[in-house]
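A structural walkthrough
Listed here are the chains, written in short residue letters.
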Amino acid sequence: MLLLIPGPVQTRPEVKAAMAQDIAPWDRDFQKVYARVRERIVGVAGGTPGVHATLPIQGAGHFVTEAAIRTFVAPGAKVLMPMNGAYANRMARLAREAGRVVVEVPLTDTRGATAADILPALEADPEIGTVAMVFNETGSGIVNDAAGIGDALRARGTRLILDAVSAFGVLPFPLADHPECDALVFTSGKCLEGMPGMGFAVARIDRAEACAGNAGSWSFDLSDVLAHARRSGWGSIRFTPPVQAIAAFDVALDLYEAEGAAARRARYQTNADILYEGAQALGLKPYLAREHQGPVIVTIHQPADPRFDLMEFVEALKRRGVLISNFYNTAAPTMRIGAIGAITPDDMRRAVAAIGAALDEVLPKAA
Ligand SMILES: *Cc1c(COP(=O)(O)O)cnc(C)c1O
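Basis of the calculations
Residues numbered from 1 in each chain as written. Predicted model: local features only at pLDDT ≥ 70, side-chain atom pairs only at ≥ 80, totals over all residues. Heavy atoms only, no water. UniProt positions renumbered as here; feature names shortened; annotations may be inferred. Axes fitted to C-alpha atoms, helices over the stretch in contact; angles between N-to-C directions. Helix = DSSP H or I, 4+ residues; strand = E, 2+ residues; numbered from the N terminus. Parallel < 35°, antiparallel > 145°, perpendicular 65-115°, else oblique. Left-handed = near helix turned anticlockwise from the far one by under 90°. Contact = heavy atoms within 4.5 Å. Nonpolar A, V, L, I, M, F, W, Y, C, P; charged D, E, K, R; others polar. Salt bridge = Lys/Arg side-chain N within 4 Å of Asp/Glu carboxyl O. Buried < 20%, exposed > 50% of the residue type's maximum accessible area, 1.4 Å probe, protein only. Near = heavy atom within 4 Å. Polar contact = N/O pair within 3.5 Å; in protein donor to acceptor, adjacent residues only side chain to side chain. Phe/Tyr/Trp six-rings, centres within 6.5 Å; stacked < 30°, edge-to-face > 60°. Lys NZ or Arg CZ within 6 Å of the ring centre and 35° of its normal. Domains from an automatic or database assignment. Buried area = accessible area lost by both parts, 1.4 Å probe. Pairing = 2+ DSSP bridges.

As annotated in an unreviewed UniProt entry, the protein is 2-aminoethylphosphonate--pyruvate transaminase from Neoroseomonas marina. Its UniProt record, at the heading Sequence similarities (unreviewed entry), says of the protein: "Belongs to the class-V pyridoxal-phosphate-dependent aminotransferase family. PhnW subfamily." What UniProt states about the protein under its Function (unreviewed entry) heading is, verbatim, "Involved in phosphonate degradation."

1. Some points on the packing of helix H3 (residues 61–72) against helix H4 (residues 86–97)
The contact between H3 and H4 brings their axes to 9 Å, and the two run at 55°. Comparing the axis directions of H3 and H4 gives the class oblique. The two elements H3 and H4 cross, and the hand of that crossing is right-handed. Contact residues: H3 offers His62, Thr65, Glu66 and Ile69, while H4 offers Tyr87, Arg90, Met91, Leu94 and Ala95. The residue makeup of the contact of H3 with H4, split by class, is five nonpolar, two polar and two charged.

2. Details of the pattern of salt bridges
A complete count under the given rule lists 33 salt bridges for this structure. Measuring nitrogen to oxygen at the nearest pair gives 2.7 Å for the salt bridge that ties Asp182 to Arg159. Pair noted here: Asp182 is in strand S7 (residues 181–187) and Arg159 is in strand S6 (residues 159–163), with a separation of 23 residues, a long-range link. The shortest N-O distance in the salt bridge between Glu361 and Arg320 comes to 2.7 Å. In this pair, Glu361 is assigned in helix H12 (residues 345–362) and Arg320 in the loop between helix H11 (310–318) and strand S10 (322–323), connecting sequence segments 41 residues apart. Of the residues examined, Glu361 reaches a relative accessible area of 36% and is grouped as partly exposed.

3. So, the site of the ligand
Near the ligand, the surroundings consist of Ala60, Gly61, His62, Tyr87, Val134, Asn136, Thr138, Asp163, Val165, Ser166 and Lys190. At 2.8 Å from an oxygen atom of the ligand is found a main-chain nitrogen or oxygen belonging to Gly61. Taking Thr138, its side chain carries an N or O atom lying 2.4 Å from an oxygen atom of the ligand. Here the residues of the shell around the ligand sort into four nonpolar, five polar and two charged.

4. Quick notes on the packing of aromatic side chains
The tally for this structure, following the rule as stated, stands at eight aromatic pairs. Note on Phe168 and Phe186: the rings are 3.8 Å apart at their centroids and 20° apart in plane angle, and the pair reads as stacked. Residue Phe168 is located in the loop between S6 and S7, and its partner Phe186 is located in strand S7; the two are separated by 18 residues in the primary sequence. Here Trp218 and Phe239 contribute two aromatic rings whose centre-to-centre distance is 5.1 Å and whose plane-to-plane angle is 85°, an arrangement assigned as edge-to-face. You can see Trp218 sitting in the loop between helix H7 (205–210) and helix H8 (222–232) and its partner Phe239 sitting in the loop between H8 and helix H9 (243–259), a full 21 residues away along the chain. Overall, the relative accessible area of 60% leaves Trp218 in the exposed class. The aromatic ring of Tyr87 is capped on one face by Arg90, whose charged end is 4.8 Å from the ring centroid.

5. Focus: the domain arrangement of the protein
A common way to report how large an interface is uses the accessible area buried once the components associate. In terms of domain boundaries, the protein breaks down into domain 1 (14–257) and domain 2 (261–362). A separation of 28 Å is found between the C-alpha centroids of domain 1 and domain 2. Taking both partners together, domain 1 and domain 2 bury about 1700 Å²; carbon and sulfur atoms supply 54% of that area. When the buried area of domain 1 at its contact with domain 2 is split by residue, Val170, Glu193 and Tyr256 rank highest and sum to 28% of it. In this structure, the connection of domain 1 to domain 2 is made through two salt bridges. Here Arg267 makes a salt bridge to Glu193, at a shortest N to O gap of 2.9 Å.

6. Re the sheet that holds strand S2 (residues 52–58)
Spatial strand order, S2-S8-S7-S6-S5-S3-S4: seven strands in an open sheet with mixed pairing. In the strand order of this sheet, the two ends are held by S2 and strand S4 (101–106), each with one partner. Adjacent strand axes in the sheet meet at a mean angle of 20° when their direction is disregarded.

7. Re the UniProt feature "binding site: substrate" (unreviewed entry) in the protein
Under the UniProt annotation, the feature "binding site: substrate" (unreviewed entry) is placed at Arg336. With respect to the secondary-structure elements, Arg336 resides in strand S11 (residues 334–338). Taking relative accessible area as the criterion, Arg336 reaches 3% and is therefore assigned buried. Apart from the residues lying within four places of it in its own chain, the contact partners of Arg336 are Leu4, Pro6, Tyr87, Thr138, Ile297, Val298, Thr299, Ile324, Ser325, Phe327, Tyr328 and Asn329. In terms of polar contacts, Arg336 uses its side chain to reach the backbone carbonyl oxygen of Thr138, at 3.1 Å.

8. Looking at the environment of Lys32
Mapped onto the elements, Lys32 comes out in helix H2 (residues 28–44). Accessibility expressed as a relative area gives 55% for Lys32, which makes it exposed.

9. Focus on unusual backbone geometry
Look at the link from Gly7 to Pro8: it is a cis peptide, with omega at -5°. Within the secondary structure layout, Pro8 lies in the loop between strand S1 (2–3) and helix H1 (13–17). For Glu193, which is not a glycine, the phi torsion comes out positive at approximately 60°.

The structure is reproduced here in structure tokens:
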């Protein structure tokens, strides 16, 4: 089966094989693996050892995003968010339910946000101390201009929290160039092609120290994760982690380094191009204009034919060996197809052929 979803992604056999073992989290051999993973992540993030640290939270991406918001935005403080997709909506809900005041800048989900989109709202309200935003909006496939927004925030003294969950490893945002960024967050199961199960924040150590006491939650306190590492060592983890997913992630990092960041990004871009053009050749309409299409996920309008049913189509495609999302989260009805994971351009060409065949099955031409 080809898994064409934007996480958890298709993984390589070596990554799956690394999970086939029993592991004690506090075992010295495992602690070495965990400490090494944390160190390697700072490197992938373009961070500076001693300035940045990897502060993990077990579980789904939303958990580490909530932890970053709770830690770096004080209770009752204002956080501005460019709202242009499903994951921005989720971030706003996490922040609101944590008692932070969200200032929303409503935007369309068909193009990435830029500094010009949010600066007027920032200037209008000097109480806003932080911007929290999604880098690659996995709802539609647009890419927000994280570097441009970061530069503008740095010039103003505003802090940044970046949800880089579906971008990390392929869309560059080198933390050493972005001291305005308190934390970027990502997970093990997206562009680094590991198993799901771990969330990671790469955060500024000075800010994590200064923000101790903000979180209002022991589970979601990145300052406490840092304090624990200082006390018990970087190979030690609070609470039981998905040890097999961490062991697999270490192997996934080997494969990522062997491929190289630029080559992985180019492979995803080629996958996305094949999908985008393949959909057009089948008479389908991509949701985004070409210039706003990122390399991670391609969303395509559902056929206007009233007989089209997404669930039925997904099952017909699955019978042909390709699994895509059976839901969508764009403003208009779409199909969402991931371009990331251990997928080659040849896989993608086969997937496009399968999409054509599945469409013919669910929308038979009149005899
Ligand atoms: C996948 C993803 C998340 C996290 O999703 P979980 O289901 O909580 O792991 C967050 N933000 C973005 C942009 C994502 O793509």
